[in-house]
Amino acid sequence: MRIILSLVTGLVLLLGVVTSSMATPVDTYEFKSPENQKRGLELAHSLRCPQCQNQNLIDSNSPVASDLRLEVFKMVDQGMDDQAIIEFMTSRYGDFVLYKPRMEAKTYILWLGPIGLLLIGLIIGFIFIRKQRIADNHSLEISAEDQQALDSLLKRNQK
């Protein structure tokens, strides 16, 4: 029983040491003003981590994101405007770091593609509905022979 208790205690201590060594450090950057802090956080939220699939610089725990967060915070405190910081980031990491891509010739498909697909869907829907209406109108027309046969059947059933 003592051996089992010692093993459990040892495993708990080992687990505590391992998890504490894997803890991520917290960013403790001191901004020069609250306005700079707000601007820096907004910029870091609007930029995507180049290493992560779909996380911004604030949400990502990767070392690259931590370095870029610090870089953005420093540039904000140095007085750089938002556009200059974004240009710096896109020159290093490409347009991938932007959550909202710019409206350029190479991104027209991103911006106009959904509208084009919607228009194509509406046109196909309009054509389909129109064909259905035309088919329904033709199915209501019957020949004179069929009308006579129908009349005779109705007269028989009434007797």
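Above this text is the structure in question.
Quantities reported herein were computed from a predicted structural model and do not represent experimental measurements.

Q: Help me out: how do you make sense of the overall build of the protein in this one?
A: Counting its regular elements, the protein contains 6 helices and 0 strands. When the helices and strands of the protein are read in sequence order from the N terminus, they spell out α-α-α-α-α-α. Looking at the protein as a whole, 18% of its 159 residues qualify as buried. If you take every contact in the protein between residues at least 6 apart in sequence, the share linking residues at least 24 apart comes to 48%. Surface accessibility of the protein: about 12700 Å² in total, with carbon and sulfur atoms responsible for 63%.

Q: Just checking my understanding: could you explain the packing of aromatic side chains for this structure?
A: The relative placement of two aromatic rings is captured by the distance of their centres and the angle of their planes. Scanning all chains against the criterion turns up 1 aromatic pair. Across from the ring centre of Phe96, 4.9 Å away, lies the NZ or CZ of Arg48, which sits over that ring.

Q: Explain the pattern of salt bridges here, please?
A: Opposite charge on two side chains lets them pair, provided their charged atoms get close. Within this structure, the stated rule accounts for 1 salt bridge. The residue Arg39 makes a salt bridge to Asp82 at a minimum N-O spacing of 2.7 Å. Linking Arg39 in helix α2 (residues 34-46) with Asp82 in helix α4 (residues 82-93), this pair joins segments that are 43 residues apart in sequence. The exposure class assigned to Asp82 is partly exposed, which follows from its relative accessible area of 34%.

Q: Can you help me understand the environment of Asp95 in this one?
A: Mapped onto the elements of the fold, Asp95 is located in the loop between α4 and α5 (108-140). Spatially, the C-alpha atom of Asp95 lies 10.0 Å from that of Pro50, the residues being 45 residues apart in sequence. Each residue touching Asp95, except ones within four places of it in the same chain, is listed here: Thr90, Arg102, Glu104 and Lys106.

Q: Looking at this structure, I do not really get the packing of helix α3 (residues 63-77) against α4. What am I missing?
A: Packed helix pairs are specified by the crossing angle of their axes together with the interaxial distance, meaning the distance between the axes. Packing of α3 against α4 leaves a shortest axis separation of 10 Å and a crossing angle of 150°. Comparing the axis directions of α3 and α4 gives the class roughly antiparallel. Viewed along their axes, α3 and α4 form a crossing whose handedness is right-handed. Side by side, α3 and α4 meet where Leu68, Glu71, Val72, Met75 and Val76 of the first sit next to Ile85, Phe88, Met89 and Tyr93 of the second. Grouping the constituent residues of the contact of α3 with α4 by class yields 8 nonpolar, no polar and 1 charged.

Q: Help me out: how do you make sense of the nonpolar core in this one?
A: In a soluble, globular protein the nonpolar side chains are often hidden away together inside. Membership of the largest hydrophobic core comes to 18 residues, with the highest contact counts inside it found for Leu43, Leu47, Leu57, Val72, Ile85 and Met89. Among the elements of the structure, α2, α3 and α4 are those that each provide at least two residues to this core. The greatest single-element share of this core, amounting to 6 residues, is contributed by α3. Ignoring anything within four residues of it in the chain, the contact list for Leu43 reads Val72, Val76, Asp82, Ile85 and Ile86.

Q: For this particular structure, what's the right way to read a nonpolar patch on the surface?
A: A cluster of nonpolar side chains, namely Met103, Tyr108, Ile109, Leu110, Trp111, Leu112, Ile115, Leu118, Leu119 and Leu122, defines an oily patch on the protein surface of about 1100 Å² accessible area. Positionally, Leu122 belongs in helix α5.

Q: Just checking my understanding: could you explain the environment of Gln51 for this structure?
A: Position of Gln51 among the secondary structure elements: in the loop between α2 and α3. Residues Gln51 and Ala65 lie 14 residues apart in sequence; the distance between their C-alpha atoms is 7.7 Å. Once you skip the residues sitting within four places of it in the chain, Gln51 turns out to touch Ser62, Pro63 and Val64. Side chain to side chain, Gln51 and Ser62 meet in a polar contact 3.4 Å long.

Q: Can you help me understand the side chain of Asn36 in this one?
A: By the element assignment, Asn36 lies in helix α2. You can call Asn36 buried: its relative accessible area is 16%.

Cut-offs used in this document
- Counting restarts for each chain, with residues numbered from 1 along the sequence as it is written.
- Only residues with pLDDT of at least 70 are given local features in this predicted model, and only at 80 or more are side-chain atom pairs given and counted; all residues enter the totals for whole chains, interfaces and linings.
- Working from all heavy atoms in the structure, the side-chain values ignore hydrogens and water.
- A run of DSSP states H or I qualifies as a helix once it reaches four residues; a run of E qualifies as a strand once it reaches two. Both are numbered from the N-terminal end.
- Under the scheme applied here, a residue whose accessible area is under 20% of the maximum for its type counts as buried, over 50% as exposed, and between as partly exposed, the area being computed with a 1.4 Å probe on protein chains only.
- Contacts are residue-level and defined by heavy atoms, with any inter-residue pair within 4.5 Å sufficient.
- Shrake-Rupley sampling with a 1.4 Å probe provides the accessible areas, and residues are treated as covered by the protein chains on show and by no other component.
- Between the rings of Phe, Tyr and Trp (Trp by its six-membered ring), a pair exists once the centres lie within 6.5 Å; its type follows the angle of the planes, with under 30 degrees stacked, over 60 edge-to-face, and the other angles tilted.
- Over a ring means this: the NZ of a Lys or the CZ of an Arg is within 6 Å of the ring centre and within 35 degrees of the ring normal.
- Here, a salt bridge means any side-chain nitrogen of Lys or Arg that lies within 4 Å of a carboxyl oxygen of Asp or Glu.
- Where helices are involved, their axes are fitted lines through C-alpha atoms of the stretch in contact, as for all axes, and angles between N-to-C directions lie from 0 to 180°.
- For classification purposes, an angle smaller than 35 degrees is called roughly parallel, one larger than 145 roughly antiparallel, one from 65 to 115 roughly perpendicular, and anything else oblique.
- Handedness of each helix crossing follows the sense of rotation of the near helix against the far helix: counterclockwise by less than a right angle gives left-handed, clockwise gives right-handed.
- Note on residue categories: nonpolar means Ala, Val, Leu, Ile, Met, Phe, Trp, Tyr, Cys or Pro, charged means Asp, Glu, Lys or Arg, and polar means any other residue, Gly included.
- The term nonpolar core refers to a set of buried residues drawn from Ala, Val, Leu, Ile, Met, Phe, Trp, Tyr and Cys, joined through side-chain atoms within 4.5 Å.
- To count toward a patch, a residue needs a relative accessible area above 30% and no salt bridge. Like charges then connect within 9 Å, nonpolar side chains (Val, Leu, Ile, Met, Phe, Trp, Tyr) within 5 Å.
- Polar contact is the term for a pair of N or O atoms within 3.5 Å; when the atoms are in protein, one must be able to donate a hydrogen and the other to accept it, and sequence-neighboring residues count only if both atoms are side-chain atoms.

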